[in-house]
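Geometric and topological summary
Listed below are the residues making up each chain.
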Amino acid sequence: MTDGPLRPDPRADGPSIPVSGPGSPGGRPVFLPDELDPTVFDEAFLRQLERLLLLLRSPVRGGLKGGRRSVKRGQSVEFADYRDYTLGDDLRQLDWNVLARLEKLFVKLYIEEEDVTIALLVDASASMAAGGPTKLQFAKRAAAALGYIGLASEDRVVVSALSGRVARRQPGLRGTGRVFRLLAQLSAIEAAPGQTDLVAAARHAGAQLTGRGVVVLLSDLLDPDGDRVVRELAATGSEIVVLHILSPDELDPSLEGDLRLVDAETAAQVDVTVDLAMLDDYRARLAAWREGLADLAARRRVSYVPLSSDVPIAELVFAELRRRRVLG
């Protein structure tokens, strides 16, 4: 490992982003910076990410040979097992040594490496701009880490921003040489003004999926039909991971007195008096909402991970997601 910063692949097309900037320690690159989280996407951090893999519950069939092992038997280089020869099998796969010993025809089976698509769905609704650090900034940094893990596994990584009623999908990327392109795509995502129909946007994202793979939704799910978002994605047949991101202030408000609350998307207003009883009721409702989403996710075989936007990215990927068997 060298001490210098990573360099973009000269074969990668499209614009790159700066590899250094003010405040970058030792001239190393700092991407998607967050002053409350010292993690930087420098070479050392990326090398640690390369040791991880997004886990799949079931084999994935793809059109290209990727970097993942599948239980599907094919014609790769790693021997797996034998089976009896049947008429029409490829004679090149016969094991002639076994035939000489046992006088029976057996076909050699191999573990096949298959193509997997990692789809990163980043909620870019106006509510994601709230918090300190903002939920959107946390989502982009988490997506960057997961995306790089996919690139290092030779998976295809696709980024989509959910806003309005659509999912704005970026061109797919493959290989660690595209890390700068991945970070550029994520850095360009901004919270959209106005109202976002998260259900419609998730449905649009699902319609763009090809084959099976892993879909990671990074969202606060602050939609009247947030549970339907989970159902829409689960219906695609892909492996679904939901990173449910709320800000520290949303998880534990420090409000008090007479206040006017304004909806970030619809501008609807409501006057409230915040006291201890109201805060206790809020926390109880919040806990029930998250528990309901967790129950729904368990029934639909979705990995549900509730998070605060102030969790360090290193803690997220190396501890929380490994504990929940999202990464391994």
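Above this text is the structure in question.
Residues numbered from 1 in each chain as written. Predicted model: local features only at pLDDT ≥ 70, side-chain atom pairs only at ≥ 80, totals over all residues. Heavy atoms only, no water.

**A closer look at the packing of helix α3 (residues 135-152) against helix α9 (residues 313-323)**
When two helices pack together, their arrangement is given by the angle between their axes and by how far apart the axes lie. Interhelical geometry of α3 versus α9 gives an angle of 55 degrees and a closest axis separation of 10 Å. Comparing the axis directions of α3 and α9 gives the class oblique. The two elements α3 and α9 cross, and the hand of that crossing is right-handed. For the pair formed by α3 and α9, the contact residues are Phe-138, Arg-141, Ala-142, Ala-145 and Leu-146 on the first element and Ile-313, Leu-316, Val-317 and Leu-321 on the second. (Axes fitted to C-alpha atoms, helices over the stretch in contact; angles between N-to-C directions. Helix = DSSP H or I, 4+ residues; strand = E, 2+ residues; numbered from the N terminus. Parallel < 35°, antiparallel > 145°, perpendicular 65-115°, else oblique. Left-handed = near helix turned anticlockwise from the far one by under 90°. Contact = heavy atoms within 4.5 Å.)

**Structural notes on the side chain of Ser-163**
Structurally, Ser-163 is set in strand β5 (residues 156-163). Engagement of the side chain of Ser-163 in a polar contact is seen with the side chain of Arg-168, the distance being 2.5 Å. The contact partners of Ser-163, leaving out residues within four places of it in the chain, are Ala-124, Arg-168, Ala-192, Thr-196 and Ala-201. (Polar contact = N/O pair within 3.5 Å; in protein donor to acceptor, adjacent residues only side chain to side chain.)

**A word on the environment of Gln-137**
With respect to the helices and strands, the residue Gln-137 is situated in helix α3. Of the residues examined, Gln-137 reaches a relative accessible area of 19% and is grouped as buried. Taking C-alpha positions, Gln-137 is 9.2 Å from Glu-190, a pair spaced 53 residues apart along the chain. (Buried < 20%, exposed > 50% of the residue type's maximum accessible area, 1.4 Å probe, protein only.)

**So, helix α6 (residues 226-234)**
Every buried residue belonging to α6 is among Gly-226, Val-229, Val-230 and Leu-233, and all of these are buried. Along α6, the residues classed as buried sweep out an arc of 95 degrees about the axis, all on the same side. On the buried face of α6, the contacting elements are β4 (117-123), α5 (198-207), β8 (213-219), β9 (239-246) and α8 (276-299). (Arc of directions from axis to C-beta.)

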